[in-house]
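# Observations on the model geometry
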Amino acid sequence: MKVLLVVLSLFASLAVSADYDCYRKALNDFSVDSMAFQVKSEEAVVMFEDRPDKAVYSVIRSLEQNLGCSNKSFELAEVSCKEIVPGNALSSICYVESQHGYFFISMDMMESINVVFNRWD
């Protein structure tokens, strides 16, 4: 039983370490408090302009892959998307919370999705 608890504790600490490592990578070894990234729109499973609230999950997963992180390093808690200009899907911006900070996600006119990650204080 003790061996099982030790093994489970080891796996839990490795998962936390992987999450923390991704957080460190996203903030350039903690040299900044926020960082901007671009993800190609074709990397999103759902088109951002059609369903931004659904596309953000695959955008964050693509970002994790681009950073060399394990899948689901950023546990997404809250997603809220709005059109800044009503009726203009390209003006959509999403606010996404994770355990380490929050993201602002929007699409530009050049087929890229812009992701800004900000750490919690």
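Analysis parameters
Residues numbered from 1 in each chain as written. Predicted model: local features only at pLDDT ≥ 70, side-chain atom pairs only at ≥ 80, totals over all residues. Heavy atoms only, no water. pLDDT = per-residue confidence, 0-100. Contact = heavy atoms within 4.5 Å. Helix = DSSP H or I, 4+ residues; strand = E, 2+ residues; numbered from the N terminus. Expected span 1.5 Å × (residues − 1). Buried < 20%, exposed > 50% of the residue type's maximum accessible area, 1.4 Å probe, protein only. Pairing = 2+ DSSP bridges. Axes fitted to C-alpha atoms, helices over the stretch in contact; angles between N-to-C directions. Disulfide = S-S within 2.5 Å.

## Some remarks on the confidence of the model for the protein chain
Keep in mind that low pLDDT regions are not for reading the predicted coordinates in detail. Confidence along the protein chain averages 82 in pLDDT terms, with 84% of residues attaining 70 or more. With pLDDT under 50 throughout, residues 3–16 is counted as low confidence; its partners more than four residues away or in other chains account for zero contacts.

## A short note on the environment of serine 112
Its place among the elements puts serine 112 in strand E5 (residues 112–119). Separated by 69 residues in sequence, serine 112 and glutamate 43 place their C-alpha atoms 9.5 Å apart. Apart from the residues lying within four places of it in its own chain, the contact partners of serine 112 are Gln38, Val39, Lys40, Ser41, Ser106 and Met107.

## Remarks on the environment of glutamate 49
Along the polypeptide, glutamate 49 turns up in the loop between strand E1 (34–40) and helix H2 (52–67). For glutamate 49, the residues in contact, after removing those within four places along its chain, are Ala89, Leu90 and Met107.

## Comments concerning H2
In this model, H2 (16 residues) spans 22 Å end to end at C-alpha, consistent with the 22 Å of a helix rising 1.5 Å per residue. Listing the buried residues of H2 in full gives Pro52, Ala55, Val56, Ser58, Val59, Ile60, Arg61, Ser62, Leu63, Glu64 and Leu67. Looking one or two places after H2, you find glycine 68, whose phi comes out positive at around 80 degrees.

## Let's talk about the sheet that holds E5
Pairing in this open sheet of five strands is antiparallel, and the strands run E1-E5-E4-E3-E2 from one edge to the other. Only two strands of the sheet have a single partner each, and these edge strands are E1 and strand E2 (76–83). If you compare each strand with its neighbour and ignore which way they point, the axes differ by 20 degrees on average. Pairing geometry for strand E4 (residues 101–107) and E5, over seven bridges, is antiparallel.

## Some words on the side chain of arginine 61
Tracing the chain through its elements places arginine 61 in helix H2. Note on arginine 61: relative accessible area 17%, which makes it buried. Discounting chain neighbours no more than four positions away, the residues touching arginine 61 are Asn71, Lys72, Phe74 and Leu76.

## Concerning the state of the cysteines
Counted under the stated rule, the structure contains two disulfides. Here cysteine 22 engages in a disulfide with cysteine 69; their sulfurs sit 2.1 Å apart. Between cysteine 22 and cysteine 69, the S-S dihedral sits near 90 degrees, and the bridge is therefore right-handed. Within this pair, whereas cysteine 22 is found in helix H1 (residues 2–26), its partner cysteine 69 is found in the loop between H2 and E2, the two being separated by 47 residues in sequence.

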